[in-house]
Amino acid sequence: MQSTVLAILAPILLFVACVVGLAVVLLVMGNCFSPGRKTRVKRMPYESGMDPIHDTRRQFDVRFHLMAIAFLVFDVELLFLYPWAVTAQAAKLAASQPAASAVATSSVATAAESADSTASTNRAMDATVAALRGTELVENRDLVFPGVMVFIALLTLGFIYDWRKGIFRWR
Amino acid sequence: MLLLPITIEALIKIGLLIACLMGGTSYLVLVERWIAAWIQDRRGPCRAGIPLTKIRLWGLGQPIADGVKFIFKEEFTPAHVDKFLYFLAPVIILTAALSVFAVIPFGSVLPFDFAGVYDAVAQWAGAEPLPEYAPQPTRLVAAPGLDVGMIYVFAVGSIAVYGAILGGWSSNNKYSFFGGLRSSAQLISYELPLGLGILGVVLLSGSLRLDVIIGQQAGSGVWNVLLQPLGFLVFFVAAFAESGRLPFDLVEAEQELVAGYHTEYSGMKLMMYLVAEFLHMIAAAFLMVILFFGGWHLWGLTGSGEEVTWLEAILRIVVLLGKIMGVILFFMIARWSWPRFRFDQLMSLAWKVMLPLGLVNVVAVAAWVEYGDRLAGWVGVPETAAMAVCGWILLIACWLVVTVSIPSTYDNRPLRVPATRGGQREGAPTP
């Protein structure tokens, strides 16, 4: 099992390592070959040819901050929707098929196995369906869709509150 | 077990991918300049050809000359910058822009097993044969088998915000600072519609893996853009904004901010920023084609299964790249055709139009997944056709609502700030 996880993660880690290496090499290469002629004026901040007026690190508009907070709330709630979105289709298929006598745990194991070994579309879907069969998600499926809708409604309420508060108004 | 062949396979793909992306980027810059020249009715780059000869080759030598120029340009570090962050920012943005491609398929499958090739070579070199394994076709993804591909794309894509804001902040320049602020606000605002647009596709295909999403569209033969045009619209606008292309390039509005967050960068570091911006566009084109335009699938040409012949495998790559090229050309033509938004318009488009539309799309697709088959059965039409009809009706309805409810003019005059004691504050610039 551990080697399977490693086999999945190794290419990604390799990729990121290669990319970071490339970026650092580019950075170093640029510094190696470039001429360096420093003058006092060149070392000043660029302000369209004027002498710079006081430091940059000053106050800025609070709306950027509000935007960041609103984003944080909505983005995290959005991420909560992903697990449901992945399983919604398969849970429906699983519920429509007659419940198999197979033990849920063993089918989860085979599903994981076949999902990363074959990965063909239909088989991956079938595997998910098989894994879901008999689990709580399928048994309580009638509650899932209204639950998610309530969740989205709450999200919308928050959104309306933000709108009324004028967070999205830029002037 | 098979870790060594997997590593070698991954390294080959990574090398191929990075080389193609970097080379492709430089040549796409040339294409963009050609298109700009064509739209503005001038010649464009047409002189640089083979060096030391007089052969011009329609300017095909231009990217090479540009690359050499970037290497030998002075890499200047101004005196006032925060050194560490100033050097870190371009590395972050380039890393984030390239790392996204680890899970993005650049084709379908190749009809041979890489482990078998490795085995043959290893035995020829005198090593022990591999243990028994089930032969599988070689997938054209750098990291096959990652089940959370879409989340990975999201996570890594969001890191680009750090590149922009760190670069803007560490430069200690007012143009850079405002560019960084604007860019972070824009990127995070449009990430929400982006996620909502993708959510509809994920609901329909039941997987976060990009190759499975393509496989599902190829299997049914119906592309997602036909089924949920509203989701496509939301995703399309958000992807445009995320890649910071012209109607949305508030980040570096030249007339206002000189060059935005990379005003103080030069030489190789500037090149890293520019390449990263181009890579964002390429990644957006890849995602758009994969999620909504069926990836490598084309009716009657590419087949749809896992077992492919060599001809089909190559056709799939060609079809995928052709579609991506089409999207990129659209990006480029759009750049030279539309004026830029104002910042308040940009923000209200994200929050007041795209976010509600995205929510509507998610709710509609979820309701369809839940009750659609019953509705289609009740009306007596095939399920896919019914969904397509409903999707387009929804799109038109939403468009009407948005068009009617948006005011034709915006009041974006600054809100009156209560005057502090003595009227003007000391040292405040006169407006």
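Each chain carries its own residue numbering, running from 1 in the written order of its sequence. Labels follow written order: the first chain is A, the first ligand is 1, and so on. Local features are withheld for residues below a pLDDT of 70 in this predicted model, meaning they are given only at 70 or higher, and side-chain atom pairs are given and counted only at 80 or more; totals for whole chains, interfaces and linings count all residues.

> Please explain the confidence of the model for chain B as it appears in this structure.
Low pLDDT marks stretches whose predicted atomic positions should not be read closely. All names here are of chain B. In predicted models, pLDDT denotes the confidence assigned by the predictor to each residue on a 0 to 100 scale. When pLDDT is averaged along chain B, the result is 82; 92% of the residues meet or exceed 70. Below a pLDDT of 50 lies the segment residues 423-431, which in the model reaches 1 contact outside its immediate sequence neighbourhood of four places, other chains included. Here the predicted complex scores 0.84 on pTM and 0.78 on ipTM. A residue pair is marked as a contact if its C-beta atoms, positioned from the backbone, fall within 7 Å.

> Teacher, can you tell me more about unusual backbone geometry here?
Glycine aside, the phi torsion of most residues is negative, and most peptide linkages are trans. All names here are of chain B. Not every positive phi belongs to a glycine, and D41 is a case in point at roughly 60 degrees. Secondary structure counts use DSSP, requiring at least four H or I residues in a row for a helix and at least two E residues in a row for a strand, with both numbered from the N terminus. Within the fold, D41 resides in the loop between α1 (3-39) and α2 (62-72). At N172, a residue that is not glycine, the phi angle is positive and equals roughly 55 degrees. The exposure class assigned to N172 is buried, which follows from the 20 C-beta atoms found within 10 Å. Residue burial here comes from a neighbour count, namely the number of other C-beta atoms, placed from the backbone, that lie within 10 Å of the residue's own C-beta, with 20 or more meaning buried, 12 or fewer meaning exposed, and in between meaning partly exposed.

> Mind showing me how you'd approach the nonpolar core here?
In globular proteins that are soluble, nonpolar side chains generally tend to be buried together. Residue and element names in this part refer to chain B. Under the definition applied here, buried Ala, Val, Leu, Ile, Met, Phe, Trp, Tyr and Cys residues are grouped into a nonpolar core through C-beta atoms within 7 Å. Membership of the largest hydrophobic core comes to 150 residues, with the highest contact counts inside it found for I93, F235, M272, A285 and M288. The element that contributes the greatest number of residues to this core is helix α11 (residues 267-292), accounting for 20 residues. For the domain bounds, the source is a domain assignment made automatically or taken from a database. Two domains each put at least three residues into this core: domain 1 (9-72) and domain 2 (76-106 + 141-359). Once residues lying within four places of it in the same chain are set aside, the contact partners of I93 are A160, G163, A164, M272, Y273 and A276.

> Explain the interface of chain A and chain B to me, please; I cannot follow it from the model alone.
Note: interface size is frequently given as the accessible area lost on complex formation between the parts. Taken together, the contacts link 65 residues of chain A with 76 residues of chain B. Residue assignment for the side of chain A that touches chain B shows that the elements contributing at least two residues are α1 (2-33), α2 (62-96), α3 (104-117), α4 (121-132) and α6 (141-165) of chain A. If one sorts the elements of the side of chain A that touches chain B by residue count, α1(A) sits on top with 22 residues.

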